[in-house]
Amino acid sequence: MKLSNVPAALALAAALMLCAYSCKPKNTANAVSADAAQKTYVPPGKYDEFYDFVSGGFSGQMSVYGLPSGRLLRVIPVFSVDPQAGYGYSEESKPMLNTSHGFIPWDDLHHIEASQTNGEIDGRWVFGNGNNTPRIARIDLSTYNTAEILELPNSAGNHSSPFATENTEYIVAGTRFSVPPDNADGDVPIDSYKKNFLGTISFVSVDKNSGNMKIAFQLKIPGINLDLSHAGKGPSHGWFFFSCYNTEQAHTLLEVNASQRDKDFIMAINWKKAEEYLQQGKGVKQQVKYAHNVYDEKTQTATSTIETEVTVLDAMALPGIAYMMPCPKSPHGCDVDPTGEYIVGSGKLAALIPVLSFSKMMNAINNKKFDGTYENIPVLKYEDVLYGEVQKPGLGPLHTEFDGKGNAYTSFFISSEIVKWNIKDLKVLDRAPTYYSIGHLSIPGGDTKKPNAKYVIAYNKITKDRYLPTGPELAQSAQLYDISGDKMQLILDFPTIGEPHYAQAIEASLIKDKSKKFYDIMQNENTYAAKGEPNAKVVREGNKVHVYMTAIRSHLAPDNIEGVQVGDEVYFHVTNQEQDWDIPHGFAIKAASTAELLIMPGETRTLKWVPEKVGIYPFYCTDFCSALHQEMSGYIRISPKGSKVPLAFGTGDKAPGGKDTTTISK
Amino acid sequence: MKQNKLKPWIRSLTFLSALLLVLVLFFPIWKIELTAPQYPEGLALQIFAGKLGGDVEIINGLNHYIGMRTLHANDFIEFTILPYCIIFFAVLVFVTAISNRKSMLYFTTVLFVAFCIVAMFDFWRWEYNYGHNLNSEAPIRVPGMAYQPPLLGYKQLLNFGAFSIPDIGGWVFIAAAVLLVLCMSFQIIISKKEKKLL
């Protein structure tokens, strides 16, 4: 090599290196386009266009975000206690978390469904599922309170839930974990799975006016794992579809043992047929125990009733209720397009997306073209129900949402992206990376007949470097994409509480105006309400001491209490007298083993407190309510058991030892 | 006798004035609008002929900080009398129109204007009493112990901006008064011209 060639060779090598670097895929910063800020900026004091109701996953709660800003508006306590609001601690709210297993202070909330009328979101309620101790919750969209929680018997792992039919006739709940039925002897060897374990699907009816939930019937199905589901709509109204995995019926090392079959199933359920059987009395009444918890807005108190009976229809014995459609490799998502014709199964381990056809399924059923049975349930042929497959869409498809313009958006966990494809020609149109490993995705109304496809939101499982680091534990991450054009455009990242799974974004205009500002104190029918300060009092009943306390800016009445003894059960019933927007009062007392109370205007909340030591205990308002909030406090004197200190209470001149002694009770 | 009669169009306007006065009974006459950083939506106190309206309870709740007495319609004898006064004047104006006499019109108008002045003075007196009789034990001691809302227009009171202005009923009332004064004025002018011609 000539010496003069060396610089040239070096230059060439440098050029090659640069080229190699430029060939490396661009990082995430490049994926955001210049007008993203403009599209997501909601100026101070302005409102977002959408409410986004996002499941809190293992937090057990439901969060409410504004879109497109990604601002957190509220966290609604649902299945987990919330010391901040006293949810699950106050006497009024404790019954909400009661189950047949007693008080359960936590659950795993995965999916959110909005109530629908004519296949469109009607903005009345949202529903959430408790995955761990099977439950369904209904949240009222005028108060943003959990209004009702219904436990599900014969169930474990309530995962394919709480999906709704097009007029919210039913909210459905299918078992991820098959178990022996509640009325059977559950003390069986685990390896007797195939013999003793069963799955169920609960059809929970929802009262049109009150929203009250009731288990209309349960379907007994084989002992397999139901993963997700969606109701049919339009022509397929009357049917429900469930993805099934572990059709191998493994009971250990499912990772391997439930991944053996090339195809599992999407189970089609004809619930109108089930209704017919129910009317014909083909259901079997089964003695079980499950809690039904209802929050009464008038008494502002939850009650828990243990129900004792459920009607079960055997989908393996009664023909025409269930059919199995083969679907590749452990399907996860099971999504029905807005026309109701296409059912998209997403095999977690498949390298394609199968699109099944409802009309082809009906043809095959009507012509009785079956390919044998699975546990007595007819199996259809894959070719007979398949509309087509999306080839090489990505790796690890999980869920699909729709834009109502003939396109589908599928999330891919392994290749960490959203892929947009056309339903008719099954061609991939666009793909956008997600950060990182997306699970669910959602388009406003994306699982209804009428999507409002302005955005798609990615709910991710891995966060890594998206935000400033906060130690090993990170918030989970969501991303907002503008999908109003042909190409998806990443416009925002926002952190979420717990782990977000499915979510429902609802146009703000549909619900914002019916949001309650406060409760009318004259309508407050709580047994222990003190309406007006003259009604504040302390009443002793044996070792129970009821304090009827009023809270108004900026004092509590009574704020001096004496004559209470160690071991007494003291109930602070605090009524917020305010009748104005955004004036909650809080209540906390030293050494309470529970939590605080947060009391909305016009509301009564009760904290039970059992003093264990003699002394003076201060209590105070915890929610900065006014300029004199720091003055809003009081004392309770705790005397030894059997003390002769008389019960006395009051505020100001009427406090014990004050000028006015008229209120000292005898 | 003829000289003492009203011009037909003036007589019609007098009837209209009577009708307007009846309407006053059904609408708020005056309002005091309050805004503060904490009340972006604003608060309003409305004064009807026979009652108080608007956010009375909320305003009462706030007034305790500075020791202002709470507002109750029962404390105001005016709310009992005022509706009768308005009815009385409506009838008087109506009778004036029926009577079709100039002298009657002049009498009624002067009496009515006098009533308006007395009413406004009374309103100011109440504002003064409420604004100056503050409880000395109240949590907040207002500088000078005076917190008087404006009679008309805008005034900043601590964190509250208060805007005092007639409400619908008040504007109707003013229209009735203006009509009467105009009727009287024109009638006087016309009568003078007619005298000259004679």
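Preceding this section is the structure that the text describes.
First, a word on scope: everything that follows refers to the structure included in this document. (Residues numbered from 1 in each chain as written. Chains lettered and ligands numbered in written order. Predicted model: local features only at pLDDT ≥ 70, side-chain atom pairs only at ≥ 80, totals over all residues. Heavy atoms only, no water.)

Remarks on the interface of chain A and chain B
Right, on to step 1. Residue-level contacts link 7 residues of chain A with 7 residues of chain B.
Right, on to step 2. Among the residues of chain A in contact with chain B, R553, D580 and L628 of chain A are the three that bury the most area, contributing 69% of the side total.
Right, on to step 3. If you look at where chain A meets chain B, you find 0 salt bridges.
Right, on to step 4. On the surface where chain A and chain B come into contact, there are 5 residue pairs in polar contact (both at pLDDT 80 or more).
Right, on to step 5. Across the side of chain A that touches chain B, the residue classes tally to 2 nonpolar, 3 polar and 2 charged. (Contact = heavy atoms within 4.5 Å. Buried area = accessible area lost by both parts, 1.4 Å probe. Salt bridge = Lys/Arg side-chain N within 4 Å of Asp/Glu carboxyl O. Polar contact = N/O pair within 3.5 Å; in protein donor to acceptor, adjacent residues only side chain to side chain. Nonpolar A, V, L, I, M, F, W, Y, C, P; charged D, E, K, R; others polar.)

Side note on the nonpolar core
Right, on to step 1. Counting residues in hydrophobic clusters, the biggest one holds 34 residues, and the most contacted among them are I201, F203, L219, F240, M267 and I269 of chain A.
Right, on to step 2. The element that contributes the greatest number of residues to this core is strand 13 (residues 213-221) of chain A, accounting for 4 residues.
Right, on to step 3. Within the second largest apolar cluster, 30 residues are counted, among which are L628 of chain A together with I32, L45 and F76 of chain B. (Core = buried A, V, L, I, M, F, W, Y, C linked by side-chain atoms within 4.5 Å. Buried < 20%, exposed > 50% of the residue type's maximum accessible area, 1.4 Å probe, protein only. Helix = DSSP H or I, 4+ residues; strand = E, 2+ residues; numbered from the N terminus.)

Quick word on the sheet that holds strand 29 (residues 428-433) of chain A
Residues and elements named next belong to chain A.
Right, on to step 1. In space, the 4 strands of this open sheet follow the order 26-27-28-29, with antiparallel pairing throughout. On the outer flanks of this sheet lie strand 26 (397-402) and strand 29, each paired with one strand and no other. Taking the axes of each pair of neighbouring strands and ignoring which way they run, one obtains an average angle of 20 degrees across the sheet.
Right, on to step 2. With 6 bridges joining them, strand 27 (residues 407-412) and strand 28 (residues 417-422) adopt antiparallel strand pairing. Among the inter-strand pairings, A408 is bridged to a residue of strand 28, identified as W421. (Pairing = 2+ DSSP bridges. Axes fitted to C-alpha atoms, helices over the stretch in contact; angles between N-to-C directions.)

Some words on the layout of surface pockets
Right, on to step 1. By volume, the second largest pocket amounts to about 720 Å³.
Right, on to step 2. Along the wall of the second largest pocket there are 25 residues; nearest its centre are I552 and R553 of chain A together with N60, G61 and H64 of chain B.
Right, on to step 3. Considering each element in turn, the lining of the second largest pocket owes the most residues, 4 residues, to helix 2 (residues 56-63) of chain B.
Right, on to step 4. Split into classes, the residues belonging to the lining of the second largest pocket amount to 7 nonpolar, 10 polar and 8 charged. (1 Å grid on protein atoms, 1.4 Å probe; cavity = no way out; pocket = protein on both sides within 12 Å on 5 of 7 lines; lining within 4 Å. Points joined across faces, edges and corners; volume = space filled by probe spheres on them.)

Let's talk about helix 6 (residues 358-366) of chain A
Residues and elements named next belong to chain A.
Right, on to step 1. Along helix 6, the residues that are buried comprise F358, M361, A364 and I365. Axial view of helix 6: buried residues confined to an arc of 120 degrees, hence all on one face.
Right, on to step 2. Trailing helix 6 by a residue or two, K368 shows a phi angle of about 50 degrees, which is positive. (Arc of directions from axis to C-beta.)

Examining the packing of aromatic side chains
Residues and elements named next belong to chain A.
Right, on to step 1. For the structure shown, the criterion picks out 42 aromatic pairs over all chains.
Right, on to step 2. Plain terms: the ring middles of F572 and W609 are 6.0 Å apart, the flat faces sit at 45 degrees to each other, and that makes the pair tilted. Highlighted residues: F572 in strand 39 (residues 569-576) and W609 in strand 42 (residues 604-609), separated in sequence by 37 residues.
Right, on to step 3. For W609, a relative accessible area of 3% puts it in the buried group.
Right, on to step 4. Pairwise contacts between aromatic rings join Y170, F203, F217, F240, F242 and W271 into one cluster.
Right, on to step 5. Here the guanidinium or amino end of K348 rests over the ring plane of Y245, the centre of that ring lying 4.4 Å away.
Right, on to step 6. Just above the ring of W581 sits the side chain of K517; from NZ or CZ to the centre is 4.6 Å. (Phe/Tyr/Trp six-rings, centres within 6.5 Å; stacked < 30°, edge-to-face > 60°. Lys NZ or Arg CZ within 6 Å of the ring centre and 35° of its normal.)

Let's talk about empty space enclosed by the protein
Residue and element names in this part refer to chain A.
Right, on to step 1. The full count for this structure, using the stated rule, is 2 cavities of 30 Å³ or more.
Right, on to step 2. Here the largest cavity is characterised by a volume of approximately 70 Å³.
Right, on to step 3. Lining the largest cavity are 13 residues; nearest its centre among them are H230, D335, H399, H440 and Y502.
Right, on to step 4. Each residue belonging to the lining of the largest cavity can be placed in one class, and the counts come to 5 nonpolar, 6 polar and 2 charged.
Right, on to step 5. Estimates place the volume of the second largest cavity at around 60 Å³.
Right, on to step 6. E113, Q116, A164, E166, H230, A231, G232, K233 and D447 are the residues that line the second largest cavity.
Right, on to step 7. Mapped onto the lining of the second largest cavity, the elements with two or more residues apiece are strand 6 (109-117) and strand 14 (225-231).

Digging into a positive patch on the surface
Right, on to step 1. Together, K192, K193, K195 and K196 of chain B make up a region of like positive charge exposed at the surface.
Right, on to step 2. Residue placement: K192 of chain B occurs in helix 5 (residues 168-197). (Patch = residues over 30% accessible without salt bridge, like charges linked within 9 Å, V, L, I, M, F, W, Y side chains within 5 Å. Areas by Shrake-Rupley, 256 points an atom, 1.4 Å probe, with all protein chains shown as cover. Lys, Arg positive; Asp, Glu negative; His and termini not counted. Charge placed at Lys NZ, Arg CZ, Asp CG, Glu CD.)

As for unusual backbone geometry
Residue and element names in this part refer to chain A.
Right, on to step 1. In this model, S161 is joined to P162 through a cis peptide bond whose omega is 0 degrees.
Right, on to step 2. For the bond running from R553 to S554, omega is 0 degrees, close enough to zero to count as cis.
Right, on to step 3. Looking at the secondary structure, you find S554 in the loop between strand 36 (544-552) and strand 37 (555-557).

Describing the environment of K285 of chain A
Residues and elements named next belong to chain A.
Right, on to step 1. The topology assignment puts K285 in strand 17 (residues 284-296).
Right, on to step 2. Residue class for K285 comes out exposed when judged on its relative accessible area of 53%.
Right, on to step 3. As a C-alpha pair, K285 and T308 span 23 residues in sequence and 10.0 Å in three-dimensional space.
Right, on to step 4. The contacts of K285, once residues within four sequence positions are left out, are E309, V310 and T311.

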